[in-house]
Protein chains: 2
Amino acid sequence: MKLSLTEENYLKAIYHLSDDSAEGVSTNAIAEELSTKAASVSDMIRKLSKKKVIDYQKYKGVQITEAGRKIALQIIRKHRLWEVFLVEKLSFNWDEVHDVAEQLEHIKSTTLISRLDEYLGFPTMDPHGDPIPDENGEIKESPQLPLSEFSENTIGIVVKVPDSDPSLLRHLDKIGMKLGSRIRVIEKVEFDNSALISIDQSKELYLSGEIAKNIMLAIKE
Amino acid sequence: MKLSLTEENYLKAIYHLSDDSAEGVSTNAIAEELSTKAASVSDMIRKLSKKKVIDYQKYKGVQITEAGRKIALQIIRKHRLWEVFLVEKLSFNWDEVHDVAEQLEHIKSTTLISRLDEYLGFPTMDPHGDPIPDENGEIKESPQLPLSEFSENTIGIVVKVPDSDPSLLRHLDKIGMKLGSRIRVIEKVEFDNSALISIDQSKELYLSGEIAKNIMLAIKE
DNA sequence: AAAATAATTTAGATATATCTAAAAATAAGT
DNA sequence: ACTTATTTTTAGATATATCTAAATTATTTT
């Protein structure tokens, strides 16, 4: 199955939006996600439907097919492997990699991506903690909870932060919180849902409830 | 200056064809190079001319401008740096890298390319021995001659082979001749212009005049 | 230098990806 | 259930990149 760059981006958007609800994905939601107009989405939907990567009935929203899901996962695999490369090998900060990875994910070469995977030591998650699907599209997710729901005196490893908000990523970078950081919740403040935490057994600071809700931790202890 | 992927490919083709002669580059030559039709080239030429990356008068062929040359050299820089990456880091054979590099060269990010350059140790030539332009488009070329013109008992380092012919590249790979190989011309055969050579002070073999003409060596001794 | 040949450009089509504005279908409010 | 509002689709345009066929310009041959 050969898809154009644009078709790949649509399919990826539809895959991501499918996670949010079991319902079909609406035309407007896709338009919003891709910063385009509903009319353009309608056109593309018909094309993708003809290629059997989505199911579609007029006015009923779309659902990704198994074939489409496989393709989307391979694009996501490439995106995340390139992100690991950029951060680990080229010393990018994890808040700088998204735009470049967005381009690199469309490079066509199965040899390239399997060699890259090997070169990086077969990583299982990208620098934001998102899991990297394998060649068959399988994902191994570890059990995780938002920091805000951790109780006092428990420890977790940062495994996921939203990669969509640069200002949050910059802030986390500033306080020294990264993927893999060991977080201990020392004290929870009832009044504003903030929490006193320690990062990597050294720095202690208060984290607002708003931020805590966005940090996913793998349960450690 | 922002160019589309297609515009970049046209400009690169025009740059390469400009080397061959001091004359302007003909429409047909560009069409041939890009496996397209003269009519399409005519259209694109007008576009590139409007963007001031080439000079053009109807029916008179095109000449690349200084601005165009700078852009072409940056694309070539990216192409060759990626080739080094593929061969040195991902263990590609040097006859496998062209198609992938052809895609990677269009990734837009100055940070990416300067970090990649640093990561690779600021290489001066790609795996085929072609020089890598610096950020300013400067090229440092070392003095070189085809193997066929070396006299008996002289030594040279393989610095360049045509990257356009996979069958030649595969053959060179098979006989163990690579970029950087130390070649000694032991004996020249007058009858067919072949030559007895040694590769890296070990393997000895006869090389046809046809192949010898295509191997560029830097003069060593 | 006129005729033949080759190269190049234009005119008109097609395919992709997008848009705005209008029409049609669905969902929501009373 | 009927009107209103929202969502989605269609119709018609625009821009890019391509093509074929015809017209035009340049070059070569005799």
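Preceding this paragraph is the structure being described.
Residues numbered from 1 in each chain as written. Chains lettered and ligands numbered in written order. Predicted model: local features only at pLDDT ≥ 70, side-chain atom pairs only at ≥ 80, totals over all residues. Heavy atoms only, no water.

Visitor: Would you explain the pattern of salt bridges in this entry?
Guide: Opposite charge on two side chains makes pairing possible when the charged atoms of those side chains draw close. Residues and elements named next belong to chain B. Counting across every chain of the model gives 20 salt bridges over all chains. Across the pair K47 and E7 runs a salt bridge, and its minimum N-O distance is 3.0 Å. Taken as a pair, K47 in helix α3 (residues 38-50) and E7 in helix α1 (residues 5-20) lie far apart in primary sequence, 40 residues in all. The exposure class of K47 is partly exposed, given its relative accessible area of 39%. Of the charged contacts in the structure, one is a salt bridge between R80 and D126, with a shortest N-O distance of 3.6 Å. Of the two residues, R80 sits in helix α4 (residues 66-88) while D126 sits in the loop between α6 (110-119) and β3 (144-146), which places them 46 residues apart along the sequence. (Salt bridge = Lys/Arg side-chain N within 4 Å of Asp/Glu carboxyl O. Helix = DSSP H or I, 4+ residues; strand = E, 2+ residues; numbered from the N terminus. Buried < 20%, exposed > 50% of the residue type's maximum accessible area, 1.4 Å probe, protein only.)

Visitor: Just checking my understanding: could you explain the protein's contact with DNA strand D for this structure?
Guide: Close to DNA strand D lie 21 residues, the nearest being R46 of chain A together with S4, T36, S40 and K47 of chain B. In DNA strand D, atoms within 4 Å of the protein come from the sugar-phosphate backbone in 77% of cases. Contact distances for DNA strand D include 2.3 Å between a phosphate oxygen and a side-chain N or O atom of R46 of chain A. Within the side chain of Y59 of chain B, a nitrogen or oxygen atom sits 3.4 Å from a base oxygen of DNA strand D. At the level of secondary structure, the elements contributing two or more residues to the surface near DNA strand D comprise α2 (27-33) and α3 (38-50) of chain A together with α1 and α3 of chain B. Across the surface near DNA strand D, the residue classes break down as eight nonpolar, eight polar and five charged. (Near = heavy atom within 4 Å. Polar contact = N/O pair within 3.5 Å; in protein donor to acceptor, adjacent residues only side chain to side chain. Nonpolar A, V, L, I, M, F, W, Y, C, P; charged D, E, K, R; others polar.)

Visitor: How do you make sense of the protein's contact with DNA strand C when you look at a structure like this?
Guide: Close contacts around DNA strand C come from 21 residues, with S4, T36, S40 and K47 of chain A together with R46 of chain B the closest. K37 of chain A is positioned such that a nitrogen or oxygen atom in its side chain is 3.2 Å from a phosphate oxygen of DNA strand C. Contacts to DNA strand C include R46 of chain B, whose side-chain N or O atom sits 2.3 Å from a phosphate oxygen. Where the surface near DNA strand C is concerned, the elements lending two or more residues are α1 (5-20) and α3 of chain A together with α2 (27-33) and α3 of chain B. Considering every element that reaches the surface near DNA strand C, the biggest residue donor is α3 of chain A, with five residues.

Visitor: Looking at this model, I keep getting lost on the side chain of R80 of chain B. Mind explaining?
Guide: Residue R80 of chain B is classed as buried on the basis of its relative accessible area, which comes to 14%. Here R80 of chain B is in contact with H16, D126, D130, P131 and I132 of chain B, once residues within four sequence places are set aside. (Contact = heavy atoms within 4.5 Å.)

Visitor: Help me understand the interface of chain A and chain B, please; the structure alone is not making it clear to me.
Guide: Accessible area lost when the parts come together is the quantity often used to give the size of an interface. Between chain A and chain B, the residue contacts involve 20 residues of the former and 20 residues of the latter. The largest share of the area that chain A buries against chain B comes from L90, R115 and Y119 of chain A, three residues that together contribute 32% of it. Along the contact surface separating chain A from chain B lie zero salt bridges. For the pair chain A and chain B, the number of links is seven residue pairs in polar contact (both at pLDDT 80 or more). For the side of chain A that touches chain B, the elements supplying multiple residues, two or more each, are α4 (66-88), α5 (98-104) and α6 (110-119) of chain A. (Buried area = accessible area lost by both parts, 1.4 Å probe.)

Visitor: Would you mind showing me how to read the packing of aromatic side chains here?
Guide: Aromatic rings considered in pairs are described by the distance between their centres and by the relative angle of their planes. Within the structure shown, the criterion is met by six aromatic pairs over all chains. Considering the side-chain rings of W82 of chain B and F85 of chain B, the 5.6 Å spacing of their centres and the 80 degrees angle between planes classify their relative orientation as edge-to-face. A residue pair is termed a helical-turn pair when its members lie 3 or 4 positions apart in one helix, as W82 of chain B and F85 of chain B do in helix α4 at three residues. Each member of the pair, W82 of chain B as well as F85 of chain B, carries the same accessibility label: buried. One aromatic cluster is present, formed by W82, F85 and Y119 of chain A together with W82, F85 and Y119 of chain B through successive ring pairs. In this structure, R115 of chain A packs its charged tip against the face of F92 of chain B, placed 4.9 Å from the ring centre. In this structure, K89 of chain B is placed above the aromatic ring of Y119 of chain B, and the distance from its NZ or CZ to the ring centre is 4.6 Å. (Phe/Tyr/Trp six-rings, centres within 6.5 Å; stacked < 30°, edge-to-face > 60°. Lys NZ or Arg CZ within 6 Å of the ring centre and 35° of its normal.)

From the geometry alone we can't say anything about function, so treat these as descriptive.
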